[in-house]
There are 2 protein chains.
Amino acid sequence: MRDSEQIVNHAQKFCLENGLRLTKKRRQVLKALVESPFALSAYELRELCKTECDEMLPPMSIYRILDFLQEAGFVHRLNVSNRYTACSHIACEHEHLFSQFLICVKCKMVTEIDIPDLTIKNMKNDAASAGFELESPQLEINGICFTCKNRAA
Amino acid sequence: MRDSEQIVNHAQKFCLENGLRLTKKRRQVLKALVESPFALSAYELRELCKTECDEMLPPMSIYRILDFLQEAGFVHRLNVSNRYTACSHIACEHEHLFSQFLICVKCKMVTEIDIPDLTIKNMKNDAASAGFELESPQLEINGICFTCKNRAA
DNA sequence: TAATTTATGATACTACATATCATTTTGAGA
DNA sequence: TCTCAAAATGATATGTAGTATCATAAATTA
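Residues numbered from 1 in each chain as written. Chains lettered and ligands numbered in written order. Predicted model: local features only at pLDDT ≥ 70, side-chain atom pairs only at ≥ 80, totals over all residues. Heavy atoms only, no water.

Enquirer: Which residues make up the protein's contact with DNA strand C, and what values do they have?
Expert: Around DNA strand C, a shell composed of 18 residues is seen, among which Tyr 43 of chain A together with Thr 23, Lys 25, Ser 61 and Arg 64 of chain B lie nearest. When atoms of DNA strand C within 4 Å of the protein are sorted by moiety, sugar and phosphate together comprise 57%. For DNA strand C, a phosphate oxygen lies 2.9 Å from a polar atom in the side chain of Ser 61 of chain B. Within the contact set of DNA strand C, a base nitrogen lies 2.7 Å away from a side-chain nitrogen or oxygen of Arg 64 of chain B. Residue assignment for the surface near DNA strand C shows that the elements contributing at least two residues are α4 (59–71) of chain A together with α2 (24–35) and α4 (59–71) of chain B. In terms of residues, the surface near DNA strand C owes the most to one element, α4 of chain B, which gives four residues. Taken together, the residues that form the surface near DNA strand C break down as seven nonpolar, four polar and seven charged. (Near = heavy atom within 4 Å. Polar contact = N/O pair within 3.5 Å; in protein donor to acceptor, adjacent residues only side chain to side chain. Helix = DSSP H or I, 4+ residues; strand = E, 2+ residues; numbered from the N terminus. Nonpolar A, V, L, I, M, F, W, Y, C, P; charged D, E, K, R; others polar.)

Enquirer: Describe helix α2 (residues 24–35) of chain A, with residues and values.
Expert: All names here are of chain A. With twelve residues, α2 extends 16 Å between its outermost C-alpha atoms, agreeing within 8% with the 16 Å of an ideal straight helix rising 1.5 Å per residue. Looking only at α2, the buried set comprises Val 29, Leu 30, Ala 32 and Leu 33. Looking down the long axis of α2, one finds its buried residues gathered within 155 degrees of arc, a one-sided arrangement. (Expected span 1.5 Å × (residues − 1). Buried < 20%, exposed > 50% of the residue type's maximum accessible area, 1.4 Å probe, protein only. Arc of directions from axis to C-beta.)

Enquirer: Could you give me a rundown of the protein's contact with DNA strand D, with the residues and numbers involved?
Expert: As a matter of local geometry, DNA strand D sits amid 17 residues, with Thr 23, Lys 25 and Arg 64 of chain A together with Tyr 43 and Tyr 63 of chain B nearest to it. The protein-proximal atoms of DNA strand D, defined as those within 4 Å of the protein, are 58% sugar or phosphate. Separating a base nitrogen of DNA strand D from a side-chain N or O atom of Arg 64 of chain A is a distance of 2.7 Å. Within the side chain of Tyr 43 of chain B, one N or O atom sits 2.9 Å away from a base nitrogen of DNA strand D.

Enquirer: Just give me the short version of the sheet that holds strand β3 (residues 99–104) of chain A, but keep the residues and values in it.
Expert: With respect to topology, four strands assemble into an open sheet ordered β4(A)-β3(A)-β6(A)-β5(B), the strand pairing being mixed. Each having just a single partner strand, β4 (110–114) of chain A together with β5 (132–134) of chain B make up the two edges of the open sheet. For this sheet, the mean inter-axis angle between neighbouring strands, taken without regard to orientation, is 45 degrees. For β3 of chain A and strand β6 (residues 138–145) of chain A, the ladder comprises six bridges, and the chain directions are parallel. Residue pairing for β6 of chain A: Leu 102 of chain A is matched across the bridge by Ile 141 of chain A. Lying on the sheet, helix α5 (residues 117–129) of chain B is in contact with β3, β4 and β6 of chain A together with β5 of chain B; it crosses β5 of chain B at an angle near 155 degrees. (Pairing = 2+ DSSP bridges. Axes fitted to C-alpha atoms, helices over the stretch in contact; angles between N-to-C directions. Contact = heavy atoms within 4.5 Å.)

Enquirer: Describe in detail the domain arrangement of chain A, supporting the description with residues and values.
Expert: Residue and element names in this part refer to chain A. Here chain A is described as being made up of domain 1 (2–86) and domain 2 (99–152). Distance from the C-alpha centre of domain 1 to the C-alpha centre of domain 2: 23 Å. In this complex, domain 1 contributes ten residues to the contact, which on the side of domain 2 involves ten residues. At the boundary of domain 1 with domain 2, total buried surface from both sides reaches about 710 Å², with 55% on carbon and sulfur atoms. Of all residues in domain 1, Pro 37, His 76 and Leu 78 bury the most surface against domain 2, accounting for 51% of the area lost on that side. At the boundary of domain 1 with domain 2, the tally comes to zero salt bridges. Taken together, domain 1 and domain 2 are joined by five residue pairs in polar contact (both at pLDDT 80 or more). Among the secondary structure elements, those contributing two or more residues to the side of domain 1 that touches domain 2 are β1 (75–78) and β2 (83–86). Among the elements that line the side of domain 1 that touches domain 2, the one with the most residues is β1, at three residues. (Domains from an automatic or database assignment. Buried area = accessible area lost by both parts, 1.4 Å probe. Salt bridge = Lys/Arg side-chain N within 4 Å of Asp/Glu carboxyl O.)

Enquirer: Give a description of unusual backbone geometry that names residues and reports values.
Expert: Residue and element names in this part refer to chain A. In the Ramachandran plot, Lys 108 falls in the positive-phi region, its phi being about 70 degrees despite a non-glycine side chain. The residue Lys 108 is located in the loop between β3 and β4 in this model. Exposure remark for Lys 108: the relative accessible area of 48% places this residue in the partly exposed category.

If you want it as structure tokens, here you go:
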């Protein structure tokens, strides 16, 4: 998993530059998330870390670590499924305010895309017509990835 | 609450026409949801029904009733907050496939709007570019309602 | 009215999450 | 390098959302 190492190293570098501590366990949780194609629950992460390093973190620690990783912008929480997924922009500079998560209902794979400005503009207008001002939205949308779709056909 | 009665009666009529049974308890849960400006959790509904009719439904019953009401199209579940809200189209004929819920982060009020075709089209395209085919999405978006916004200013 | 289906009740349990206090680790300054 | 304070983690207990399962009650149908 050369790739995931690299991404985690980016995170490490970011932490050093910003006075954050990417401890061993935080690294480990982040690595697990980076390597997973689908979002993981806190307890799934716990299991995963156990098999990886033969040590069972208490739930509280997992949640604290996830909080830290979210604060740092390394992971997102999918509210719909109570699961966590690594941000796909850890290794790039590219700022992203509005994220959209496409979740395959078959294989559970998660793809994070930026919402194009046009779509956001439409959504803001839609909301304004109903008397609402949008906060930076995080969209979580179910669908079928083309891989699964082709397999079905 | 003349209005909510009327809406519940529409639901009743719909059930009669479609071989569904809107029992007393189902009616009661639906009425509570119709009258609430914000989404309610299953356990909040339980409390509400108790104060209304002095009888505490077991959690399982609440969930079963909510399942029924969802199947019938009378209520929606907000996945982000694990809460339930009455569909705003019970009393109108108007079909709606793609719903968007605007949730005020201040007062928690929920507004259900239809997503305009243009916005949907954009979202479908966005997803397709990432190798996904959308399922009929339900969008749950946080924001501030103009009432709260004006109050703040 | 009996039999069958549908709805609800009761008990127990699982998963997700947090409060709280104890312990360990880390980093900064003397 | 040692000390101390802050940050991170551990442990225990508990709260809350949701479900599995089996029992009972109510309503339909024959």
